[in-house]
Amino acid sequence: GVSAEARTLHWHVANLEYGCAASLGRVSLCWWDQDDENTLGGDHCVVSDGFDRIIQGLATHSEVLTQHVVSSIEYGPDAVTVHTRGGGEGITADAVLVTVP
């Protein structure tokens, strides 16, 4: 079988390649950890029962509109306006999350 040391090395190589989205042969030694300052701190976790639980949690504190076909989005310094196929003045908010089926 494969030794514990070899399995550990394979795991670390796979983890680095996953984090860099490239094989280690294509990763720059100088820049391989360039995104470390952008990582989220804290413990890792698993979202049980699917990621829709996160959306459901966010939706309890937000207005959620479904079945609206977005025709354009205007970004301003203080707000975002989403225009839908139905016309009108659009929906203006501090921030929006638009999803695509």
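Residues numbered from 1 in each chain as written. Predicted model: local features only at pLDDT ≥ 70, side-chain atom pairs only at ≥ 80, totals over all residues. Heavy atoms only, no water.

Here we take up the sheet that holds strand β2 (residues 80-84). The sheet built from 3 strands is open, its strands ordered β1-β2-β3 with antiparallel pairing. At either end of the open sheet lies a strand with only one pairing partner, and these are β1 (70-75) and β3 (91-93). The sheet shows a mean angle of 15° between the axes of neighbouring strands, taken without regard to direction. One ladder, built from 5 bridges, connects β1 with β2; its direction is antiparallel. Directly across from isoleucine 73, in β2, lies its bridge partner valine 82. (Pairing = 2+ DSSP bridges. Helix = DSSP H or I, 4+ residues; strand = E, 2+ residues; numbered from the N terminus. Axes fitted to C-alpha atoms, helices over the stretch in contact; angles between N-to-C directions.)

So, about the side chain of threonine 84. Within the fold, threonine 84 resides in strand β2. Residue classification places threonine 84 among the buried residues on the basis of a relative accessible area of 17%. Other than its neighbours up to four places away in sequence, threonine 84 contacts His68, Val69, Val70, Ser71 and Ile91. (Buried < 20%, exposed > 50% of the residue type's maximum accessible area, 1.4 Å probe, protein only. Contact = heavy atoms within 4.5 Å.)

Next up on the list: the pairing of β2. The buried fraction of β2 is high, at 5 of 5 residues. Burial along β2 is two-sided: the face carrying Val80, Val82 and Thr84 and the face carrying Thr81 and His83 are both buried. Where β2 hands over to β3, the hairpin turn is made up of 6 residues, of which glycine 87 adopts a positive phi near 85°.

Confidence along the protein chain averages 84 in pLDDT terms, with 97% of residues attaining 70 or more. Here helix α2 (residues 52-59) stands out as the least confident element of the protein chain, with mean pLDDT 83; β2 is the most confident, with 93. (pLDDT = per-residue confidence, 0-100.)

Attention now goes to the pattern of salt bridges. Inspection of every chain in the model, using the stated rule, returns 1 salt bridge. Salt-bridge contacts for aspartate 49 lead to arginine 53; the nearest nitrogen and oxygen are separated by 3.8 Å. On the basis of relative accessible area, aspartate 49 is assigned to the exposed category, the value being 65%. (Salt bridge = Lys/Arg side-chain N within 4 Å of Asp/Glu carboxyl O.)

So, about unusual backbone geometry. Here alanine 21, not a glycine, exhibits a phi torsion of approximately 55°, which is positive. Within the element layout of this structure, alanine 21 appears in the loop between α1 (4-20) and α2. The backbone phi angle of glutamine 67 is positive, close to 60°, even though this residue is not glycine. In this structure, glutamine 67 sits in the loop between α2 and β1. Using a relative accessible area of 79% as the deciding quantity, one classes glutamine 67 as exposed.

A surface patch of nonpolar side chains, amounting to about 550 Å² of accessible area, comprises Phe51, Ile54, Ile55, Leu58 and Leu97. On the secondary structure map, leucine 97 appears in the segment after β3. A relative accessible area of 66% places leucine 97 in the exposed class. (Patch = residues over 30% accessible without salt bridge, like charges linked within 9 Å, V, L, I, M, F, W, Y side chains within 5 Å. Areas by Shrake-Rupley, 256 points an atom, 1.4 Å probe, with all protein chains shown as cover.)

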